[in-house]
Amino acid sequence: GEDVEQSLFLSVREGDSSVINCTYTDSSSTYLYWYKQEPGAGLQLLTYIFSNMDMKQDQRLTVLLNKKDKHLSLRIADTQTGDSAIYFCADYTGRRALTFGSGTRLQVQP
Amino acid sequence: NAGVTQTPKFRILKIGQSMTLQCAQDMNHNYMYWYRQDPGMGLKLIYYSVGAGITDKGEVPNGYNVSRSTTEDFPLRLELAAPSQTSVYFCASSSRGRESTIYFGEGSWLTVV
């Protein structure tokens, strides 16, 4: 079945760049997503990328997709304390729903 | 804009009790979903629906039931609650499936004791 994996934890200093990585197994994935979850809140869509793209940039966010290696990354430039949250990678499965990774907790130290 | 609304936000159930988590969306979305999120884990799909009158099982459907009598509402029923169902439940909706943004509710925290 489909599987999405992420590292569990990342700690960076304020002002540095953060890179959160994700791997997926479903070669038929056509859309891949990044969601942000703050404590006690629901999921907020940050960005998504179509599988025929290598890169997508949206302000401080850069998504890189290596379809050959089934690897997705999210780069946050100039990371702020307000970026501290859990970040979920997800892909769109044949069941017409998202398959989520376990989430990467980003801790931004002042 | 209401978006996706879930109720209740918090609930404590005793083992064996039943309850319904309500979910409503006002965006006229065809697709609706129920996910559960266990501590430190990602979201697992329980059930989903692609339109009124149509529902299908997700990854972890055991112990739950759903119905979709209207486009707006997608309630999740827990029968005979068990401690393993202690989790955070998220309802979500989208207009066309994968090409569309999926909107999430704020979650319902359920504890079974």
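See above for the structure.
Right, let's walk through the structure included here. Every chain is numbered independently, its residues counted from 1 as its sequence is written. To label them, take the chains in the order written and letter them from A, then take the ligands in the order written and number them from 1. Residue-level local features of this predicted model are given only where pLDDT is at least 70; pairs of side-chain atoms are given and counted only at 80 or more, and the full residue set underlies all totals for whole chains, interfaces and linings. Water and hydrogen atoms were dropped before computing side-chain values, which therefore reflect all heavy atoms in the structure.

**Quick word on the sheet that holds strand β7 (residues 64–66) of chain B**
Residue and element names in this part refer to chain B.
Next up, step 1: Should DSSP find at least two bridges between two strands, the strands are taken to pair. Each helix is a run of H or I in the DSSP string that is no shorter than four residues. Each strand is a run of E no shorter than two, and both are numbered from the N terminus. With respect to topology, four strands assemble into an open sheet ordered β1-β3-β8-β7, the strand pairing being antiparallel. In this open sheet, the two edge strands, each paired with only one partner strand, are β1 (4–7) and β7. Neighbouring strand axes in the sheet, compared pairwise and without regard to direction, differ in orientation by 20° on average.
Next up, step 2: As defined by bridge partners, β1 adjoins strand β3 (residues 19–25) across four bridges and the pair is classed as antiparallel. Bridging across to β3, Thr5 finds its partner in Ala24. Lines are fitted to the C-alpha atoms to define the axes, a helix being fitted only along its stretch in contact, and any angle between axes, read from their N-to-C directions, falls within 0 to 180 degrees.

**Some details on the sheet that holds strand β7 (residues 61–66) of chain A**
Residue and element names in this part refer to chain A.
Next up, step 1: Pairing is antiparallel across the open sheet formed by five strands, whose spatial order is β1-β3-β8-β7-β6. At either margin of the open sheet sits one strand with a lone partner, and together these are β1 (4–6) and β6 (55–58). Adjacent strand axes in the sheet meet at a mean angle of 15° when their direction is disregarded.
Next up, step 2: Here three bridges tie β1 to strand β3 (residues 18–24), and the two strands are oriented antiparallel to one another. Each residue of the ladder has a partner; that of Glu5, found in β3, is Thr23.

**Topic: the side chain of A:Asp91**
Next up, step 1: Here A:Asp91 is to be found in strand β9 (residues 85–92).
Next up, step 2: Only protein chains enter the accessibility calculation, which uses a 1.4 Å probe; a residue whose area is less than 20% of its type maximum is buried, one above 50% is exposed, and one in between is partly exposed. Positive: Lys, Arg. Negative: Asp, Glu. His and the chain ends are not part of the count. Each reported salt bridge corresponds to a side-chain nitrogen of Lys or Arg within 4 Å of a carboxyl oxygen of Asp or Glu. Buried within the structure, A:Asp91 lacks any salt-bridge partner; its nearest side chain of opposite charge belongs to A:Lys70, at an N-O separation of 9.9 Å.

**A few points about the environment of B:Ile102**
Next up, step 1: By the element assignment, B:Ile102 lies in the loop between β9 (87–94) and β10 (103–104).
Next up, step 2: Distance in space between the C-alpha atoms of B:Ile102 and B:Gly40 is 22 Å, their sequence separation being 62 residues.
Next up, step 3: Every residue pair with non-hydrogen atoms within 4.5 Å of one another is taken to be in contact. Dropping the residues within four chain positions of it, B:Ile102 is found in contact with A:Tyr35, A:Tyr92, A:Leu98, B:Tyr33, B:Ala92, B:Ser93 and B:Ser94.

**Points about the pairing of strand β5 (residues 43–50) of chain A**
Residue and element names in this part refer to chain A.
Next up, step 1: Relative to β5, strand β4 (residues 31–37) runs antiparallel, the two being bridged by seven bridges. Along β5, the bridge assignment pairs Trp34 with Thr47.
Next up, step 2: The antiparallel pairing of β4 with β5 creates a hairpin that spans five residues between the two strands, and Gly40 there sits at a positive phi of about 70°.

**Looking at the pattern of salt bridges**
All names here are of chain A.
Next up, step 1: What the rule picks out here adds up to seven salt bridges over all chains.
Next up, step 2: Close ionic contact of Glu38 with Lys36 constitutes a salt bridge, the shortest N to O distance being 3.9 Å.
Next up, step 3: Given the relative accessible area of 35%, Glu38 is considered partly exposed.
Next up, step 4: Using a relative accessible area of 10% as the deciding quantity, one classes Lys36 as buried.
Next up, step 5: The shortest N-O distance in the salt bridge between Asp69 and Lys68 comes to 3.6 Å.
Next up, step 6: Taking the relative accessible area as the measure of exposure, Asp69 reaches 47% and is therefore partly exposed.
Next up, step 7: For Lys68, a relative accessible area of 76% gives the class exposed.

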